[in-house]
Amino acid sequence: MVMPIANRFRIVEGAVVVALALGGAYAGDATSPPTHPSDIVLSASEHQAAEAFESRVRNYRTLQRKLEATLPKLPKRATPAQVDENQRALGELIRTARAGAKQGELLTPDMQALVKRILAVVLGGTDGKNIKASIMDENPGVPTLSVNDRYPDAIPLSTMPPQVLKALPKLEEDLEYRFVGERLVLMDAHAHIIVDFTDDVLP
Amino acid sequence: MSIRRISVITFVAVLIAFGCGGGAPVTAGPAAVQVPQSPAEAPVALANQKGSLKFTVLGDFGTGKRGEYDLAAQMARFREGFNFDFVILVGDNLYGSERPQDFQVKFEVPYKPLLDAGVKFYGALGNHDSREQRYYDLFNMNGKLYYSFKAPKHKVRFFMLDSTYPVPEQIDWLEKELKGSNDDWKIAVFHHPLYSSSGRHGSDLELREVLEPLFLRYNVSVCLSGHDHVYERIKPQHGIVHFVTGSGGQLAVGDLDKSSELTAKGFDTENVFLAVEISGDAMYFNAISSDGQVIDSGIIERRVPVRGAP
């Protein structure tokens, strides 16, 4: 379940603070300006962009659950063949249902801008070089990506540093952020497909 | 057999144990390690006691190639004299494609003698592993990306983490699990090593920043990881012993930094698995290469909570 965005952000004089809490919880209160160097103050429009994104993610998850319910239920202790069949069948259903889906439908331009700004802050700190190195570890990227494609089997999943996951908007179950090269991909980890992506997000 | 106790209860360690070393407060003393005094000495034998907890640790193995198969055969031979009950997998369980036939070639065939003998495998996921492995019956993850389980009849609990995607919810879960566990031995299992002397990946500093304070606070004694394709036992860090067991099938010859001050013992010229036996407060370990040599051995005494700690 996605936590309501209002519960995750603190409102400070008309702005919204993302408590990134790198190395510790944000120690401010509702009436004092942010003091932690890693706090990000979001404008009202950025806050709206994040809320709208979480709403689109919820809608996607609703669609995914609805489509999965049409498939034979995967046994709790499934064979690899059953898991693979289920995964590929779900992927096909989602591709059909989102046949016209294009890049930028979930990660809209305003959300792309917000993601880049959040990552610039997280990776711009004193540990930024190490965090970027973790992201790029065994992350060769691929020349092209498309929405609804199967996530490339030939490349490992990028490591997502906890500091990055804590800073980005929370996702629904079965959806994950991953980096493919310097692209940020929104991945359906159950159907193993690319839901959306945005290019060149790393500073 | 002459065994030298490597004293980790140094002045610095004592300071750390009592929370004076910086970072998170420590509520337990350091683990102590006994190892052979010199390479010429015989390795420390596993006690092989009746009723003790016996298991092995394997990482970065699922290649489907000869290195994996040779080590798997060695594990089966080793079990004839050391009847371990289960295998802990520290991730990268399958490389490349994960079609049903890959589960056979990269897992079910090489470990068939162990599987046929009823040995259970407990999986943690690495960066090469599909998230759907959590549903694979033989990895005993029961659909969970992270989970814990208690060894039957022993006060030993394993915390199996997903270090490729450590969302805040997982960290919160881990803290609750660690806090709620009254087991004598708490063993954390995850793919990315907090400490490593390998050139390929090395220490994961971001993960360390998040996990290590919890391990210290809640009395974890041992961490098992992989990712780097070598065997390395790290000198106790803040009282915790870390193993890198990432050469279960893959192998990065020459990748260990021989001058690293982290290394207690390193080995990067053959595939290796780790055999472990826990009896009371002692953990015996032997690292076994694919030709059956014991390339590292010793005894770890668990961390004991400091009196008055929460």
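Just so it is clear, the structure is predicted and the values come from calculations on it, not from any experiment. (Residues numbered from 1 in each chain as written. Chains lettered and ligands numbered in written order. Predicted model: local features only at pLDDT ≥ 70, side-chain atom pairs only at ≥ 80, totals over all residues. Heavy atoms only, no water.)

**With respect to the overall build of chain B**
- A tally of helices and strands in chain B yields 6 helices and 15 strands.
- In terms of C-alpha radius of gyration, chain B reaches 18 Å, essentially the compact-globule figure of 19 Å for 310 residues.
- Counting only C-alpha atoms and orienting by the principal axes, one finds that chain B spans roughly 55 × 50 × 40 Å.
- Burial analysis of chain B (310 residues in total) assigns 61% to the buried set.
- Put simply, 69% of the contacts in chain B that link residues at least 6 apart link residues at least 24 apart.
- Here chain B displays about 11,700 Å² of accessible surface, and carbon together with sulfur accounts for 51% of that area.
- Where the 32 positive side-chain charges of chain B centre and where its 37 negative ones centre are 6 Å apart. (Helix = DSSP H or I, 4+ residues; strand = E, 2+ residues; numbered from the N terminus. Rg over C-alpha atoms; globule rule 2.2 N^0.38 Å. Buried < 20%, exposed > 50% of the residue type's maximum accessible area, 1.4 Å probe, protein only. Contact = heavy atoms within 4.5 Å. Areas by Shrake-Rupley, 256 points an atom, 1.4 Å probe, with all protein chains shown as cover. Lys, Arg positive; Asp, Glu negative; His and termini not counted. Charge placed at Lys NZ, Arg CZ, Asp CG, Glu CD.)

**Looking at the sheet that holds strand 6 (residues 147-150) of chain B**
All names here are of chain B.
- Read across the sheet, 7 strands follow the order 6-7-8-9-11-10-12 without closing on themselves; strand pairing throughout is mixed. Edge positions in the sheet fall to strand 6 and strand 12 (263-267), since each of these pairs with one other strand and no more. Averaged over all neighbouring strand pairs, the angle between strand axes comes to 15 degrees, with direction disregarded.
- Here 5 bridges tie strand 7 (residues 156-160) to strand 8 (residues 185-189), and the two strands are oriented parallel to one another. Paired with Arg 157 across the two strands is Lys 186, which belongs to strand 8.
- This element, helix 5 (residues 168-180), spans strand 6, strand 7 and strand 8 of the sheet and lies at about 180 degrees to strand 7. (Pairing = 2+ DSSP bridges. Axes fitted to C-alpha atoms, helices over the stretch in contact; angles between N-to-C directions.)

**Things to note about the pattern of salt bridges**
- Applying the stated rule across the entire model yields 25 salt bridges over all chains.
- One continuous salt-bridge network, built from bridges that share partners, spans Arg 61, Glu 173 and Asp 174 of chain A together with Glu 132 and Arg 134 of chain B. (Salt bridge = Lys/Arg side-chain N within 4 Å of Asp/Glu carboxyl O.)

**So, the environment of Arg 98 of chain A**
All names here are of chain A.
- Take Arg 98: it is sitting in the loop between helix 3 (80-97) and helix 4 (109-124).
- Note: C-alpha distance between Arg 98 and Tyr 60 (38 residues apart in sequence) is 9.8 Å.
- Setting aside anything within four residues of it in sequence, one finds Arg 98 in contact with Tyr 60, Leu 63, Glu 105, Leu 106, Val 147, Asn 148 and Val 195.

**Notes on the nonpolar core**
- In this structure, Phe 55, Ile 88, Phe 158, Ile 187, Leu 224 and Ile 300 of chain B are the most contacted members of the largest nonpolar core, which totals 66 residues.
- Dropping the residues within four chain positions of it, Ile 187 of chain B is found in contact with Phe 55, Val 156, Arg 157, Phe 158, Phe 159, Val 222, Leu 224, Ile 278 and Met 283 of chain B.
- Within the second largest apolar cluster, 39 residues are counted, among which are Leu 42, Val 57, Met 111 and Val 201 of chain A. (Core = buried A, V, L, I, M, F, W, Y, C linked by side-chain atoms within 4.5 Å.)

**A look at the interface of chain A and chain B**
- Listed as interface residues are 38 residues of chain A and, on the opposing side, 36 residues of chain B.
- Here chain A meets chain B over a buried area of about 3,100 Å², counting both sides, of which 49% is carbon and sulfur.
- Between Asp 174 of chain A and Arg 134 of chain B there is a salt bridge, with its nearest N and O atoms 3.5 Å apart.
- Elements with a contribution of two residues or more to the side of chain A that touches chain B: helix 3, helix 5 (128-136), helix 6 (162-167) and strand 4 (175-180) of chain A.
- Looking at which element gives the most residues to the side of chain A that touches chain B, the answer is helix 3 of chain A, with 6 residues.
- Tallied by class, residues from the side of chain A that touches chain B come to 17 nonpolar, 8 polar and 13 charged. (Buried area = accessible area lost by both parts, 1.4 Å probe. Nonpolar A, V, L, I, M, F, W, Y, C, P; charged D, E, K, R; others polar.)

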